[in-house]
Amino acid sequence: AGEAFRNCAFLTKVSLPDTLVTINYWAFDSCGGLQTIALPASLRTIGQCAFAWTNLKNLSIPEGVETIGVEAFSGLGELYTLSLPATLKTIGERAFGDSYIQTVTFNGDAPAIAEYAFENVTATCYYPVKNATWTEDVMQSFGGTVTWVAYEGELPDEPTDPNVPTSGACGDNL
């Protein structure tokens, strides 16, 4: 259900059932202690604000996920790299806004990306070089400072920025 664990400050880890298809709106919003979650292979939709203002440190979005909702991962202060599945079709408005994500890897066709999906984010986004869906029209800044880099095969080592803070409190405007 929507808002199932919203504002549960002491929630640090979650295990979800293998049959889960949708994580509803605000399910874990503002759970400042949430650092770890394993998303099941059955997952198709991550709803609006599902993990906004959490402190996820590790996140693997499984193949099969097609939709990342509005502000689904906004305000993440601990997650620096993210790989998006080839099955992804839609990224909502401010989905990663105000987060500290530095590196995003796209692994398939270009999804529909909302105008401000990366608002206030400075990141390098990697996309498959031999994929015709990745056009200049797709590769925009989306409200942030996004550098687009084509890749083939293995990605280079991901840089880390020692000037980026590694912690924040739930609700901080990171």
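Residues numbered from 1 in each chain as written. Predicted model: local features only at pLDDT ≥ 70, side-chain atom pairs only at ≥ 80, totals over all residues. Heavy atoms only, no water.

Side note on the sheet that holds strand β2 (residues 22-23)
With parallel pairing, five strands are arranged side by side in an open sheet as β2-β4-β5-β7-β9. The open sheet has two edge strands with one neighbour each: β2 and β9 (112-113). Two elements, strand β5 (residues 67-68) and strand β7 (residues 90-91), share two bridges in a ladder whose sense is parallel. In the sheet register, Thr 67 faces β7, and the bridge partner there is Thr 90. (Pairing = 2+ DSSP bridges. Helix = DSSP H or I, 4+ residues; strand = E, 2+ residues; numbered from the N terminus.)

As for the pairing of strand β10 (residues 122-128)
Along β10, five of the seven residues are buried, which leaves the element largely enclosed by surrounding structure. Alignment of strand β8 (residues 103-106) against β10, held across three bridges, turns out to be parallel. Counted as the bridge partner of Val 104 is Cys 125 from β10. Across seven bridges, the pairing between β10 and strand β11 (residues 145-151) is parallel. Residue Ala 123 lies in a different strand from β11, and its bridge partner there is Val 146. (Buried < 20%, exposed > 50% of the residue type's maximum accessible area, 1.4 Å probe, protein only.)

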